[in-house]
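# Observations on chain architecture
Chain residues, written in single-letter form:
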Amino acid sequence: MFKERLFTPGPTPLLPQVQTAMAQPILHHRTEEFRGVFKDVLEGLRYLYNTENDVLLFTSSGSGAMEGAVVNLLNPGDRALVVSAGKFGERWVQLCKTFGIDTEVISIPYGQSVEPEQVAAWLEGHPETRAVFVQYTESSTGACHDVKALGQIIHQHPKTALVVDAITGLGVMEMPVDQWHLDIVIGGSQKALMIPPGLAFASVSPKAWNLIGSTKSFKFYFDFQKERQNNTKGESSYTPAITLVVALREALRYIRQLGRENLIENAGLLARSTRAAARALGLKLFAESSPSDALTALCAPAGIDSGTLIKEFKKNFGAVVANGQGEMKGKIFRIAHLGYYDFADTVAFIACLEIILKKLGLPVELGSGVKAAQEEYLKG
């Protein structure tokens, strides 16, 4: 007997209160009852984002809000800079080029992060750049970018917005949006928020609103200004995913009760424990120099395809683990820490990993990874 368990960096396990809320009769979205729910959700999102800025809510995947950031900020022919260090950095490139943006790319090897000075140097030479796009966590590699430093740099350029894909970073690592001068920050429901996929969020700074106000590009569904007007009334411009919004209110209530900082610290503890266990087991961290606390990407042992490990997790323990993406498929496997995971989940995962490595003939001392994780826990 075994239970099915998700260890993927999205979707992540559902909060029990969320599952209960989703079983309730559906509301109509143009009623005072639902407007109250919607306003609660927007206020809860501002708490999670640690911002006084507007936070918009869309029924879409996170990529929808990413597209919205591009079309609301930029006209065709405007110049943008994209930091690309993985599959989701590449998505920024695809989005910009799809909408006719003059796109410059700073390409960083998978598993590494950008040096903020590279961005500063580009902007000094190209002050007409209207937006810089980057990930907080590049979930395809487990690396994170220093968006705090990027915010300080781009804040000195009043006609340039910093747009951060924090879909796998929101609620995982410290991110005071206003203090760090992050102009648009994208989030998604199926990550640290512990509800199913289907909702996307975007915080928008006053600086970004000024730039949006001067943009003449075409948009319809992802029209930030239209959504802002409707959100203030407790409504979305179009029919929302009502059940997901109700579920999100429960998740945000839980996060407020737990405390935003404690949610973040929980992910940090699990990440530190997993990294310590990996070192004890002789496994190499893929993003060694700049690891994210959202997930840990581990290199497969020499001579072993990471897909083999993933199949063993599923067959023996009912655990779903993420493979590498793109060129890293078969080379790395990725373990999630964001959202509804606790230390017992992580220790169990490490113990199962030890068994799998042992069965594959690697010289693993059973209990060594678990011990390293326990010692990390005891550090407090």
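Above: the structure in question.
Just so we're clear, the structure is a prediction, and the values are computed from it rather than from any experiment. (Residues numbered from 1 in each chain as written. Predicted model: local features only at pLDDT ≥ 70, side-chain atom pairs only at ≥ 80, totals over all residues. Heavy atoms only, no water.)

## Some remarks on helix α11 (residues 306-317)
Relative to the 16 Å expected for twelve residues at 1.5 Å per residue, α11 spans 16 Å between its end C-alpha atoms, a close match to the ideal helical length. Listed in full, the buried residues belonging to α11 are Ser306, Gly307, Leu309, Ile310, Glu312 and Phe313. Of the surrounding secondary structure, the elements contacted by the buried residues of α11 are β12 (319-320), β13 (322-323), β14 (332-336) and α12 (343-359). The backbone nitrogen of glycine 307 has a side-chain oxygen 2.6 Å away, supplied by the residue at the start of α11, namely aspartate 305. With its phi angle positive at about 65 degrees, glycine 318 sits one or two positions after the end of α11. (Helix = DSSP H or I, 4+ residues; strand = E, 2+ residues; numbered from the N terminus. Expected span 1.5 Å × (residues − 1). Buried < 20%, exposed > 50% of the residue type's maximum accessible area, 1.4 Å probe, protein only. Contact = heavy atoms within 4.5 Å. Polar contact = N/O pair within 3.5 Å; in protein donor to acceptor, adjacent residues only side chain to side chain.)

## Description of the sheet that holds β13
Strand order in this open sheet of three strands is β11-β14-β13, and the pairing throughout is antiparallel. If you trace the sheet from one side to the other, it starts and ends with β11 (295-299) and β13, each paired once. Relative to β14, β11 is paired through five bridges, and the arrangement is antiparallel. Directly across from leucine 295, in β14, lies its bridge partner alanine 336. (Pairing = 2+ DSSP bridges.)

## A word on the packing of aromatic side chains
For any pair of aromatic rings, the description rests on two quantities: the centre-to-centre distance and the angle between the ring planes. Under the counting rule described, the total for this entry stands at twelve aromatic pairs. Between phenylalanine 7 and phenylalanine 349, the ring centres sit 5.0 Å apart and the planes meet at 50 degrees, which makes this aromatic pair tilted. Highlighted residues: phenylalanine 7 in the loop between β1 (5-6) and α1 (16-22) and phenylalanine 349 in helix α12, separated in sequence by 342 residues. Among the residues examined, phenylalanine 349 registers a relative accessible area of 5% and is labelled buried. Ring geometry for phenylalanine 220 versus tyrosine 238: centroids 5.4 Å apart, planes at 35 degrees, classification tilted. Placement of the pair is phenylalanine 220 in the loop between α7 (206-213) and α8 (224-231) and tyrosine 238 in the loop between α8 and α9 (242-258), with a sequence separation of 18 residues. Judged by relative accessible area, which is 58%, phenylalanine 220 ranks as exposed. These aromatic residues form a ring-pair network of at least three members: Phe58, Phe220, Tyr221, Phe222, Phe224 and Tyr238. Against the face of phenylalanine 220 rests lysine 226, its NZ or CZ located 4.4 Å from the ring centre. The residue whose ring lies beneath arginine 256 is tyrosine 47, and the NZ or CZ to ring-centre distance is 4.4 Å. (Phe/Tyr/Trp six-rings, centres within 6.5 Å; stacked < 30°, edge-to-face > 60°. Lys NZ or Arg CZ within 6 Å of the ring centre and 35° of its normal.)

## A short note on the environment of leucine 283
Mapped onto the secondary structure, leucine 283 falls in the loop between α10 (260-280) and β11. The buried category is assigned to leucine 283, whose relative accessible area is 8%. As for leucine 283 and threonine 137, which are separated by 146 residues in sequence, their C-alpha atoms are 21 Å apart.

## Overview of the sheet that holds strand β8 (residues 161-165)
Strand order in the open sheet formed by seven strands is β2-β10-β9-β8-β5-β3-β4, and the pairing between neighbours is mixed. Both edges of this open sheet fall to β2 (54-59) and β4 (102-107), since each of them pairs with a single strand only. For this sheet, the mean angle separating the axes of adjacent strands, direction not counted, is 20 degrees. Lying over the sheet, helix α5 (residues 116-125) contacts β3 (79-84), β4 and β5 (131-135), oriented at roughly 165 degrees with respect to β3. Packed on one face of the sheet, α8 meets β2, β9 (184-188) and β10 (199-204) and runs near 100 degrees to β2. (Axes fitted to C-alpha atoms, helices over the stretch in contact; angles between N-to-C directions.)

## Overview of unusual backbone geometry
Note the cis peptide between glycine 10 and proline 11, where omega equals 0 degrees. Within the fold, proline 11 resides in the loop between β1 and α1. With a phi close to 60 degrees, asparagine 50 is a non-glycine residue in the positive phi region. Along the polypeptide, asparagine 50 turns up in the loop between α2 (32-49) and β2. Residue classification places asparagine 50 among the partly exposed positions, given a relative accessible area of 32%.

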